[in-house]
Amino acid sequence: MKKTVLLLFILSVCYQCKKQPASPTGLVTEQAMVVSAREEASRIGSEIMQKGGNAFDAMVATEMALAVAYPFAGNLGGGGFMVYRKENGEIGGLDYREKAPLSAHKDMYLDSLGNVVPKMSTVGATAVGVPGTVAGVMEVHEKYGSLPLKDILQPVIKLAKRGVIVTEKQAKRLDSYKERFIEVNGDSTKFALGFKMGDTIKYPELANTLESILENGKDGFYKGEVAQKLATFIQDRGGFVTEEDLAKYEAKWRQPIVFNYKDLKVISMSPPSSGGVTINQILKMMEPYNVSSYGHNSLKTVQLFTEASRRAYADRNYFLGDPDFVDIPLDVLLSDSYLTKRMADFSFEKATLSSAVSHGMVDIVESRETTHYSIVDADGNAISATTTLNGGYGSKLYSEELGFFLNNEMDDFSAKPGVPNMFGLIGAEANSIAPEKRMLSSMTPTIVEKDGKLYMVVGTPGGSTIITAVVQTILNVYEFNLSMQDAVNAPRFHHQWLPDMVTFEEEGFSVDLKSQLESKGYKILEGRTPIIGKVDAIRVLSNGKLEGGADKRGDDTAIGF
């Protein structure tokens, strides 16, 4: 009898141990936090909240500060998506994705023989879509901001004038892109100078552009002098964006994709972001399995995740596009019966070939160089926002007069159905080019609830790898009981249907694991592989404090109070 009682006690203790959430290993703060790609941006956002601003004020400040501190992806010349959850549980999403110019058409990047013209959609003025970032932040401030715009933008303007100190990683990036900057902008461009670690880069022209936005709001960018200079600059270099394109641009409120995974409620971005739909499909295909019992990054976990991703990306690439232009059969794509059928031929015994996985039977692509930030304020309002220029420094086209880089977002359309974009994503008719259409994106800003309360805010850059990095981070915390920082640091892998390859980050996966996968028919990407995402996330601890997860792969920093 005593032995039985003792055994039950031990089992009970072990169960309790297992159920205890992981102790934090990242920065822990009492009330509020910003996690972003640069310390300067996180600090400005955090200080805005310390002065009494809310998460929406901090979003405006952080987004604009990233344009100064992180021109690799932070921007005035690009666009993005934001998902929010207010402390009362109200949720929403904002689409400030770039749009195709009015003169755009389906075949604009094809030559007379119908072939895609090299570089036309990726480099220089012809690659530029109508920017959405400024419209996005102004829309957020107008609807939910609590502080005057002056209080929010003045610290950013000061940062632009004072300058930003170049980090080691930034110096390497600037050096690796230097020849491309010169190729597009000439050798007198600011970024031909060759900045070294420890140098300070000042942005007086960007400060002037920000002053115009401060004085005139959205119209300070999309109309008047700035718009005229921007449109002339783009057109003089052969691009398509006009003053009319800029004047017509509007950010758009959209309902997020919301679904349950076990006892989590996941809130993520809806089309034209493919993120919410695709993570919904991946997690629901995995849900019937006892994932935690397989172990973190184990053979079974990697297999199950890869096969769910393979099927979800096949659907993503075929069905998804701008919902204002195409009918997306979300009710079917996200239904339990459809997803059960999609996984019916999955077996742990061998790989499914991507050639055997087309899009699902239903009746009726992109950049690593994005940036993400996560914010929670003292009242419990949460924001997850991902913003981009598409490629690193976008089209590489830099306006010396206005102080910022322009996007190459037109490459995220399907220039020609079946031809991969710069990130290897194959597109279909749903994502073909049309005037004022928004291009499909992989950006996946996501908020997670548990037991009706805020649990996680998460997102990442990484182009087509964004979706898999976000899902793995959520699983790392929820299924494998990692702290937020450990979940972000953990090595990642990726599969996107085509090409039929599993990509592993260089460190953290054993030769034995890869050989076991190969024996089951999986193709492993050999040679040097890039990092997968730079996740910036926040976990709400059981005591209400916040743990930041700032990705060690970049200069990412969590700051709060």
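Along each chain, the written sequence defines residue order, and numbers are assigned to residues from 1. At least 70 in pLDDT is required for a residue's local features to be given in this predicted model, at least 80 for side-chain atom pairs to be given and counted, and no such filter applies to totals for whole chains, interfaces and linings, which use all residues. The side-chain quantities take in all heavy atoms of the structure and omit both hydrogens and water.

- As annotated in an unreviewed UniProt entry, the chain is Glutathione hydrolase proenzyme from Flagellimonas meridianipacifica.
- UniProt positions are given in the numbering used here, feature names are shortened, and annotations may be inferred rather than shown by experiment. Reading the Pathway (unreviewed entry) entry of the UniProt record for the chain gives the comment "Sulfur metabolism; glutathione metabolism."
- Recorded under Sequence similarities (unreviewed entry), the UniProt text for the chain is reproduced unchanged: "Belongs to the gamma-glutamyltransferase family."

### What about the sheet that holds strand S7 (residues 252–254)?
In step 1: Here, a strand pair is defined by DSSP locating no fewer than two bridges between the strands. Numbering of helices and strands starts at the N terminus; helices are DSSP runs of H or I of at least 4 residues and strands are runs of E of at least 2. Strand order across the open sheet formed by seven strands is S7-S4-S3-S11-S10-S2-S20, with antiparallel pairing between neighbours. The open sheet has two edge strands with one neighbour each: S7 and strand S20 (557–560). On average, each strand axis in the sheet is inclined to that of its neighbour by 15°, with strand direction left out of account.
In step 2: Across seven bridges, strand S10 (residues 370–376) lies against strand S11 (residues 382–388) in antiparallel orientation. Bridge pairing in S11 links Tyr-373 to Ala-385.
In step 3: Whether two residues are in contact is decided by their heavy atoms, any of which lying within 4.5 Å being enough. To get an axis, a line is fitted to the C-alpha atoms, and for a helix only the part in contact is used. The angle between two axes follows their N-to-C directions and goes from 0 to 180 degrees. Sitting on the sheet, helix H2 (residues 39–50) touches strand S2 (33–36), S10 and S20, and the angle it makes with S2 is about 160°.

### Examining the domain arrangement of the chain
In step 1: Residue ranges labeled as domains rest on an automatic or database domain assignment. Assigned domains within the chain: domain 1 (50–82 + 91–252 + 389–410) and domain 2 (254–366 + 444–560).
In step 2: Taking only C-alpha atoms, the centre of domain 1 and the centre of domain 2 are 29 Å apart.
In step 3: Counting from both sides, the interface comprises 14 residues of domain 1 and, opposite them, 15 residues of domain 2.
In step 4: We define buried area as the total accessible area lost by two parts upon association, computed with a 1.4 Å probe and summed across both. Summed over both sides, the interface between domain 1 and domain 2 buries roughly 1200 Å², with carbon and sulfur atoms accounting for 55% of that surface.
In step 5: Area buried by domain 1 at its contact with domain 2 is led by Phe-81, Ile-91 and Lys-169, which between them contribute 44% of it.
In step 6: Criterion for a salt bridge: a side-chain nitrogen of Lys or Arg within 4 Å of a carboxyl oxygen of Asp or Glu. Counting every contact that joins domain 1 to domain 2 gives two salt bridges.
In step 7: Here a polar contact is recorded for every N or O atom pair within 3.5 Å, except that within protein the pair must consist of a potential hydrogen donor and a potential acceptor, and residues adjacent in sequence are included only if both atoms are side-chain atoms. At the boundary of domain 1 and domain 2, one finds six residue pairs in polar contact (both at pLDDT 80 or more).
In step 8: Where the side of domain 1 that touches domain 2 is concerned, the elements lending two or more residues are strand S3 (79–85), strand S4 (91–96) and helix H6 (168–185).
In step 9: Take the side of domain 1 that touches domain 2: its biggest share by element is five residues, from S4.

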